[in-house]
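The chain contents come next:
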Amino acid sequence: MNYGSIAIVLLLLTIANGSAVIAKRILGDRFAWPVDGGARFIDGQPFFGRSKTIRGFLAGVTLTAIAAPFAGVDWRAGALIAFVAMSGDLLSSFIKRRMGRESSSRAVGLDQIPESLFPALLAIPVIGITSADAAAITILFFVGAPIASQVFYALKIRDRPY
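S.K.: Mind showing me how you'd approach the packing of aromatic side chains here?
M.R.: Ring pairs (aromatic) are described by centroid distance and by the angle formed between their planes. One pass over the structure, following the stated rule, counts six aromatic pairs. Judged by centre distance (6.4 Å) and plane angle (50 degrees), the ring pair of phenylalanine 47 and phenylalanine 48 falls under tilted. A relative accessible area of 27% places phenylalanine 47 in the partly exposed class. An aromatic cluster of at least three residues, connected via ring pairs, comprises Phe41, Phe47, Phe48 and Phe94.

Here is the structure:
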């Protein structure tokens, strides 16, 4: 296991996911255009929901790309990892809407696994981690993301503790 690379990928995932929350806190409702444009799927539910915004997606990709070189990762790799993480988050939201769950509702596992597993798998060829490292990243993110959410909530950065 390459603990340094695991820590770097976890840092990039944290920045990608935290950037959207921080952008919301700083900008309020400005630029909070929904990714799905308010469109609905054939089941009548939104594709992703009102909490998935272009502002959050772009903040995650942009800030991760900026931070990546400070972690020793090419900015393009950082942007790609963030893009895949944010896309995994959109997939989770799409699935939750099909399950009839409200926007920003909690779904343990579904909220963490796609947005950590997919970018961790991408990091195998891009950063040079192993599949065991990717599994460790996914497990650590699964455990750590809810804790980070609680901390962000306590600091009044998040609106909800999850």
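Next comes the rest of the write-up.
S.K.: Where do I start with unusual backbone geometry in this structure?
M.R.: The backbone of phenylalanine 31 shows a phi angle near 65 degrees, a positive value even though the residue is not glycine. Following the sequence through the fold, phenylalanine 31 ends up in the loop between helix H1 (3-27) and helix H2 (54-67). In this structure, lysine 156 takes a positive phi of about 65 degrees despite not being glycine. Mapped onto the elements of the fold, lysine 156 is located in the segment after helix H5 (131-154).

S.K.: What is the right way to read the environment of alanine 85 from this model?
M.R.: Its location among the elements puts alanine 85 in helix H3 (residues 75-98). The class for alanine 85 is buried, based on a relative accessible area of 0%. Sequence separation between alanine 85 and alanine 16 is 69 residues, and the spatial gap between their C-alpha atoms is 7.3 Å. In contact with alanine 85, other than residues within four places in its own chain, are Leu13, Glu115 and Pro119.

S.K.: I would appreciate a short explanation of the nonpolar core in the present structure.
M.R.: General note: in soluble globular proteins, nonpolar side chains tend to be found buried as a group. In terms of nonpolar packing, the biggest core is built from 20 residues, with Leu13, Ile81 and Ile137 touching the most fellow members. Counting only elements with at least two residues in this core, the list comes to H1, H3, helix H4 (113-127) and H5. With residues near it in sequence (within four places) discarded, isoleucine 137 still touches Ile6, Val9, Leu10, Leu13, Ser116, Ala120 and Ile129. Residues Ala16, Phe57, Ala65 and Ala82 belong to the second largest nonpolar core, which totals nine residues.

S.K.: Teacher, can you tell me more about the side chain of threonine 53 here?
M.R.: Within the secondary structure layout, threonine 53 lies in the loop between H1 and H2. Threonine 53 gets classed as buried once you look at its relative accessible area, which sits at 10%. Setting aside chain neighbours within four positions, we find threonine 53 in contact with Ala32, Trp33, Pro34 and Val35.

S.K.: How do you make sense of a nonpolar patch on the surface when you look at a structure like this?
M.R.: Nonpolar side chains collect at one region of the surface, where Val108, Ile113, Ile139, Phe142, Val143, Ile147, Val151 and Leu155 lie side by side and expose about 730 Å² of accessible area between them. Broken down by element, the residue count for the nonpolar patch peaks at five residues, all from H5. The topology assignment puts valine 151 in helix H5.

Reading the values: rules and limits
- Residues numbered from 1 in each chain as written.
- Predicted model: local features only at pLDDT ≥ 70, side-chain atom pairs only at ≥ 80, totals over all residues.
- Heavy atoms only, no water.
- Phe/Tyr/Trp six-rings, centres within 6.5 Å; stacked < 30°, edge-to-face > 60°.
- Buried < 20%, exposed > 50% of the residue type's maximum accessible area, 1.4 Å probe, protein only.
- Helix = DSSP H or I, 4+ residues; strand = E, 2+ residues; numbered from the N terminus.
- Contact = heavy atoms within 4.5 Å.
- Core = buried A, V, L, I, M, F, W, Y, C linked by side-chain atoms within 4.5 Å.
- Patch = residues over 30% accessible without salt bridge, like charges linked within 9 Å, V, L, I, M, F, W, Y side chains within 5 Å.
- Areas by Shrake-Rupley, 256 points an atom, 1.4 Å probe, with all protein chains shown as cover.
- Salt bridge = Lys/Arg side-chain N within 4 Å of Asp/Glu carboxyl O.

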